[in-house]
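Chain by chain, the residues run as shown.
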Amino acid sequence: MEGLERIVKEHPFFAGMKDEYTNLIAGCAKNVRFEAGQFVFHEGEPADQFYLLRSGRVALQISAPERVLTIQTVGESEIVGASWLVPPYRWGMDAKALELTRAISMDAACLRGKCEDDHSLGYELMKRFMPILIQRLQASRLQILDVYGAHS
Amino acid sequence: MALTAETPRIVADPMVPRVGRIRKRVRELSDVWTLTVEMDEPFAFAPGQFNMLTAFGVGEAAISISGDPARPGEGLIHTIRDVGPVSHALSHLEPGDYIGVRGPYGAGWPVEVAEHCDVVILAGGLGLAPLRPLIYEVLSGRKKYGKVALLFGARTPTDLLFRPELEQWRRRLDVDIHVTVDTSTEDWYGNVGVVTTLVPRAAFDPQHTIAYVCGPEIMMRFGAAALRDKGVPDEAMYLSMERNMKCGIGLCGHCQIGTVFVCRDGPVFRNDKLRPLMSVKEL
Ligand SMILES: Cc1cc2nc3c(=O)[nH]c(=O)nc-3n(C[C@H](O)[C@H](O)[C@H](O)COP(=O)(O)OP(=O)(O)OC[C@H]3O[C@@H](n4cnc5c(N)ncnc54)[C@H](O)[C@@H]3O)c2cc1C
Ligand code: FES
């Protein structure tokens, strides 16, 4: 447990967070690993975890008829999964490990419960999630703009 | 006979192209070719400069030089994307064909300002071509710089320019290379995401970094913003602008943005100078 608390505390996502909170969060955490090619989660499944990557790389994918489109890859020190934050808590896409990936898996129900009990903790977490969500929204806009297209 | 004020002199007309011959034509991507041009005389240029290339009977276009300034014997190298009549005609010239060349023009990448600093080269799509001479120069004088990062984004894996060379650079242990594509299918194991997502992943000291950015204008704007978010000041970023050009030498005004002529004052600009010009919506 002590090891997990240290791992949580040292992950860049929690940089600067009070020990009191990282200790609480570590109570919802466990270490996981995914082999190359293994799915982290599938579209439509309950979003009952989210992942802080420690090493490796994960592809976020959408399956279309006869092809699988990779929308984004996420690497070391980054997070995978935001659907656990908002109802109906279901994954909007697939996530697949591209290489051996080590991560901290967070139990979403446990974390949501702790945030309900202590809104300051919830706010601390939101402050960390929101910039990532905004960056990803911005990136999606750029993807839609297709800046390398023939008429850019 | 001594020259007097009245003595007629033959002055080379800057609007008349020199004639070169295509030595080699290589297909890089489905719509992009690299031409090697043989010139009669040595052709010196600085990284980031461009030439006005003429496809005789069709027209002229500004094209950056994409070869190595330290290896003039290689010929004059340009990488061209077939987007319209002139670029189509140029990119379809065959070995032995004639081509018109005016240049080199413009202010290129200031390489010397990066000495003793970290270097970030941020390229999008065909923007890697004008940056390649700079990359050659930085790599050949590698010891003069701190960390060197090359961040390159393209639309899909099949749109990655100079892929064999990227792989060669990646094998060096002294360059941090990150490549990404906007979207891909499952057969690509590299990064997926827009090029701006690479900026936080690269290792460099933002306060002691010089960044060189080239690509489509929107990509450069967001790329510069990502660098700024990481702490690189506008004074340490250089961007290469593309504007329609006619004369290439500051005479016609075709390439004007606000008070500057891209052909003469650029195409490479420091971002603190460029940003106020670009924020004017109606030019
Ligand atoms: C300083 C400078 C350096 C340049 N360097 C290069 C280079 O190294 N390689 C290169 O291929 N081009 C380069 N260009 C762009 C090149 O000059 C134009 O692509 C060319 O003028 C197109 O002429 P065209 O007659 O073939 O097409 P046009 O008839 O002028 O254009 C046809 C269509 O293509 C679009 N288009 C024009 N230019 C581009 C572009 N760059 N990208 C995407 N769509 C475009 C137009 O909006 C139009 O819809 C450079 C331009 C400048 C100003
Ligand atoms: S192209 Fe004529 S002034 Fe720049």
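Scope of this entry: the structure provided in the associated data block. (Residues numbered from 1 in each chain as written. Chains lettered and ligands numbered in written order. Predicted model: local features only at pLDDT ≥ 70, side-chain atom pairs only at ≥ 80, totals over all residues. Heavy atoms only, no water.)

Observations regarding the overall build of chain B
- Along chain B, the regular secondary structure elements total six helices and 16 strands.
- The C-alpha atoms of chain B give a radius of gyration of 19 Å, which matches the 19 Å a tight globule of 283 residues would have.
- With respect to the three principal axes, the spread of C-alpha positions in chain B is 65 × 40 × 40 Å.
- Counting every position in chain B, which comprises 283 residues, the buried fraction comes to 52%. (Helix = DSSP H or I, 4+ residues; strand = E, 2+ residues; numbered from the N terminus. Rg over C-alpha atoms; globule rule 2.2 N^0.38 Å. Buried < 20%, exposed > 50% of the residue type's maximum accessible area, 1.4 Å probe, protein only.)

Details of helix H2 (residues 128-140) of chain B
All names here are of chain B.
- Between its first and last C-alpha atoms H2 spans 17 Å; for 13 residues at 1.5 Å apiece the expected length is 18 Å, and the two agree.
- In the structure, H2 departs most strongly from a straight axis at Leu134, where the bend amounts to approximately 25 degrees.
- Judged by how many residues are buried, H2 sits mostly within the fold: 11 of 13 residues are covered.
- Regarding H2, the residues found buried are Leu128, Ala129, Pro130, Leu131, Arg132, Pro133, Leu134, Ile135, Tyr136, Val138 and Leu139. (Expected span 1.5 Å × (residues − 1). Bend = angle between axes of the 7 residues up to and from the residue.)

Some points on the packing of H2(B) against helix H3 (residues 163-171) of chain B
Residue and element names in this part refer to chain B.
- Put simply, H2 and H3 touch, their axes get as near as 13 Å, and they point 30 degrees apart. With respect to their mutual orientation, H2 and H3 come out roughly parallel. Crossing hand, H2 versus H3: left-handed. Of the residues in H3, those touching H2 at Leu128, Arg132, Ile135, Tyr136 and Leu139 are Glu165, Leu166 and Trp169.
- For the contact of H2 with H3, the class distribution of residues is six nonpolar, no polar and two charged. (Axes fitted to C-alpha atoms, helices over the stretch in contact; angles between N-to-C directions. Parallel < 35°, antiparallel > 145°, perpendicular 65-115°, else oblique. Left-handed = near helix turned anticlockwise from the far one by under 90°. Contact = heavy atoms within 4.5 Å. Nonpolar A, V, L, I, M, F, W, Y, C, P; charged D, E, K, R; others polar.)

A look at the layout of surface pockets
Residue and element names in this part refer to chain B.
- Volume-wise, the largest pocket comes out at about 1500 Å³.
- Taken together, 49 residues form the lining of the largest pocket, with Ala62, Arg81, Val83, Leu126 and Glu242 sitting closest to its centre.
- Here the lining of the largest pocket takes five residues from strand E4 (residues 59-64), the largest share from any one element.
- Partitioning the lining of the largest pocket into residue classes produces 25 nonpolar, 15 polar and nine charged. (1 Å grid on protein atoms, 1.4 Å probe; cavity = no way out; pocket = protein on both sides within 12 Å on 5 of 7 lines; lining within 4 Å. Points joined across faces, edges and corners; volume = space filled by probe spheres on them.)

Description of the pattern of salt bridges
All names here are of chain B.
- Enumeration according to the criterion identifies 24 salt bridges over all chains in this entry.
- A salt bridge links Glu38 to Arg23, with the nearest nitrogen and oxygen atoms 2.7 Å apart. Remark: Arg23 occurs in strand E1 (residues 18-29) and Glu38 occurs in strand E2 (residues 32-38); sequence separation between them is 15 residues.
- Residue Glu38 is classed as partly exposed on the basis of its relative accessible area of 37%.
- Judged by its relative accessible area of 36%, Arg23 falls in the partly exposed class.
- Residue Asp174 pairs with Arg142 through a salt bridge whose shortest N-O separation is 3.8 Å. Here the residue Asp174 occupies a position in the loop between H3 and strand E9 (176-181), and Arg142 occupies one in the loop between H2 and strand E8 (148-154), the gap between them amounting to 32 residues. (Salt bridge = Lys/Arg side-chain N within 4 Å of Asp/Glu carboxyl O.)

Quick look at unusual backbone geometry
- Pro88(A) follows Pro87(A) through a cis peptide bond whose omega is 5 degrees.
- Mapped onto the fold, Pro88(A) is located in the loop between strand E6 (79-80) and strand E7 (94-97).
- Of the consecutive residues Gly266(B) and Pro267(B), the connecting peptide bond is found in the cis state with omega at 10 degrees.
- Even without being glycine, Tyr89(A) reaches a positive phi, approximately 55 degrees.
- Counting through the fold element by element, Tyr89(A) comes out in the loop between E6 and E7.
- A relative accessible area of 27% means that Tyr89(A) is categorised as partly exposed.
- A positive phi angle, near 50 degrees, is found at Phe162(B), a position not held by glycine.
- By the secondary structure assignment, Phe162(B) is in the loop between E8 and H3.

From the geometry alone we can't say anything about function, so treat these as descriptive.
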